[in-house]
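# Fold and geometry: a report
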Amino acid sequence: MQAPTPPPAVSVHDLWKSFGPQTAVAGLTLDLPAGSFIGLVGPNGAGKTTTLSMVTGLLRPDRGTVLVHGADVWQDPVAVKARIGILPEGLRMFERLSGRELLQYNGRLRGLPGAEVNRRAEELLAVLDLAGSADKLVADYSTGMRKKIGLAAALLHNPDVLFLDEPFEGVDPVSAQTIRGVLTRYAASGSTVVFSSHVMELVESLCDWVAVVNAGQVVARGPLDAVRGDRSLHQAFLDLVGVREDGGGEALGWLGGASR
Ligand SMILES: Nc1ncnc2c1ncn2[C@@H]1O[C@H](COP(=O)(O)OP(=O)(O)OP(=O)(O)O)[C@@H](O)[C@H]1O
């Protein structure tokens, strides 16, 4: 007999969001399996950030429901927020705090005892190679350092589900490797990671489950191997979302050396 499927970590049902005449998310329905490393991929403007913002309680949907481990994001926001960590795109942080102070502040906001906050903060700073910059103001952090301190803040309370919007954007290979290590370890312990990315190779190497979003809807979902079939994920993505292979066709005839 097959073991029963565990309830999903995140259950999104018929989610809609428009900005004026622009429909960003159009009836998106998706169950994300618990304990998976999940990649959310889609072309520019597909609705990934809007979806993640609604799923994490940062943006109110026009319609639809989101449950995180059975709790409704909009009916029961305190319970949900205690169980999730978020690294949003373009994260705004308290710039006049040092990295260490930022973590201490976040930990206290999360209700953790001071000594525990300090212990976790120092460990995260060390593992993420930020110990030497812990007393520098966040305002003076580089893009990669900002991603890492944002990740540390998102992990500090040991959430069940971690949502990351483009966590590797603007991050050098060394920092990317560090972030990968931390995320892989976190996911291996049975927690759920959901991250959006445009880098198919990265998604392919990290994720065991993917959802492809296009025009505000899910066009494919499932275990990585099922979604990509016998193609690379890159090719599967291009096949699923459609691609212009003519580089613009008749247009742009003026561009390049031939017409100079
Ligand atoms: N605050 C906003 N006001 C108006 N339109 C918006 C807003 N946020 C998103 N949109 C529009 O909604 C659509 C989906 O945007 P979204 O940022 O969710 O896409 P995305 O998949 O994250 O794209 P990218 O990969 O480029 O980051 C786009 O057409 C975008 O212009």
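Attention here is on the structure that accompanies the text. Note that the structure is predicted; figures quoted are calculated from it, not measured.

Surveying the vicinity of the ligand reveals 13 residues, the closest of which are Gly-45, Lys-48, Thr-49, Thr-50 and His-198. Here Ala-46 contributes a backbone N or O atom positioned 3.1 Å from an oxygen atom of the ligand. One of the side-chain N or O atoms of Thr-50 is found 2.5 Å from an oxygen atom in the ligand. If the ligand stood free it would expose 640 Å²; the protein chains cover 63% of that surface. Among the secondary structure elements, those contributing two or more residues to the shell around the ligand are strand 2 (22-32) and helix 1 (48-55). Here the shell around the ligand takes three residues from helix 1, the largest share from any one element. For the shell around the ligand, the class distribution of residues is four nonpolar, seven polar and two charged.

Moving on: the packing of helix 3 (residues 99-109) against helix 4 (residues 114-127). Packing of helix 3 against helix 4 brings their axes to within 9 Å, and their N-to-C directions diverge by 140°. The angle between helix 3 and helix 4 places the two elements in the oblique class. The two elements helix 3 and helix 4 meet at a crossing, and its hand is right-handed. Where helix 3 abuts helix 4, its residues Arg-100, Leu-103, Gln-104, Gly-107 and Arg-108 lie against Gly-114, Val-117, Asn-118, Ala-121, Glu-122 and Leu-125. Among the residues making up the contact of helix 3 with helix 4, the classes are represented as four nonpolar, four polar and three charged.

Leu-151 and Phe-195 are the most contacted members of the largest nonpolar core, which has 47 residues in total. Residue contributions to this core peak at seven residues, all from helix 5 (residues 143-155). When residues no more than four places from it in sequence are discounted, the contact partners of Leu-151 are Leu-87, Leu-128, Leu-162, Leu-164, Ile-179 and Leu-183. Counting residues in hydrophobic clusters, the runner-up holds 28 residues, among them Leu-28, Leu-30, Phe-163 and Val-213.

Bringing the pairing of strand 2 into the picture now. Of the pairings in the sheet, the one linking strand 1 (residues 10-19) to strand 2 comprises eight bridges and is antiparallel in character. Residue Ser-11 lies in a different strand from strand 2, and its bridge partner there is Asp-31. Taken together, strand 1 and the strand that follows it, strand 2, pair antiparallel across an intervening segment of two residues, in which Gly-20 is found at a positive phi of about 60°.

The end-to-end C-alpha distance of helix 4 is 20 Å, a good match for the 20 Å that 14 residues give at a rise of 1.5 Å each. Taken together, the buried positions of helix 4 are Val-117, Ala-121, Leu-124 and Leu-125. Along the axis of helix 4, the buried residues cluster in a sector spanning 100°; they form a single face. In this fold, the buried residues of helix 4 make contact with helix 3 and helix 5. Following helix 4 by one or two positions, Asp-129 adopts a phi angle in the positive range, close to 60°.

The subject of this paragraph is the pattern of salt bridges. Between side chains of opposite charge, pairing is possible as soon as their charged atoms come close. Applying the stated criterion to the full structure yields 12 salt bridges. When the shortest N-O distance is used, the salt bridge between Arg-83 and Asp-160 registers 2.5 Å. Residue Arg-83 is found in helix 2 (residues 77-83), and its partner Asp-160 is found in the loop between helix 5 and strand 7 (161-165); the two are separated by 77 residues along the sequence. Owing to a relative accessible area of 32%, Arg-83 belongs among the partly exposed residues under this scheme. Judged by its relative accessible area of 29%, Asp-160 falls in the partly exposed class.

So, on to the sheet that holds strand 4 (residues 63-68). In space, the four strands of this open sheet follow the order 2-1-4-5, with antiparallel pairing throughout. Single-partner strands in this sheet number two, and they are strand 2 and strand 5 (71-72). Where strand 1 and strand 4 come together, five bridges link them in antiparallel fashion. By the bridge assignment, Ser-11 is partnered in strand 4 with Leu-67. Strands strand 1, strand 2 and strand 4 of the sheet are contacted by helix 1, whose axis makes an angle of about 120° with strand 1.

The rules we used
- Residues numbered from 1 in each chain as written.
- Predicted model: local features only at pLDDT ≥ 70, side-chain atom pairs only at ≥ 80, totals over all residues.
- Heavy atoms only, no water.
- Near = heavy atom within 4 Å.
- Polar contact = N/O pair within 3.5 Å; in protein donor to acceptor, adjacent residues only side chain to side chain.
- Areas by Shrake-Rupley, 256 points an atom, 1.4 Å probe, with all protein chains shown as cover.
- Helix = DSSP H or I, 4+ residues; strand = E, 2+ residues; numbered from the N terminus.
- Nonpolar A, V, L, I, M, F, W, Y, C, P; charged D, E, K, R; others polar.
- Axes fitted to C-alpha atoms, helices over the stretch in contact; angles between N-to-C directions.
- Parallel < 35°, antiparallel > 145°, perpendicular 65-115°, else oblique.
- Left-handed = near helix turned anticlockwise from the far one by under 90°.
- Contact = heavy atoms within 4.5 Å.
- Core = buried A, V, L, I, M, F, W, Y, C linked by side-chain atoms within 4.5 Å.
- Buried < 20%, exposed > 50% of the residue type's maximum accessible area, 1.4 Å probe, protein only.
- Pairing = 2+ DSSP bridges.
- Expected span 1.5 Å × (residues − 1).
- Arc of directions from axis to C-beta.
- Salt bridge = Lys/Arg side-chain N within 4 Å of Asp/Glu carboxyl O.

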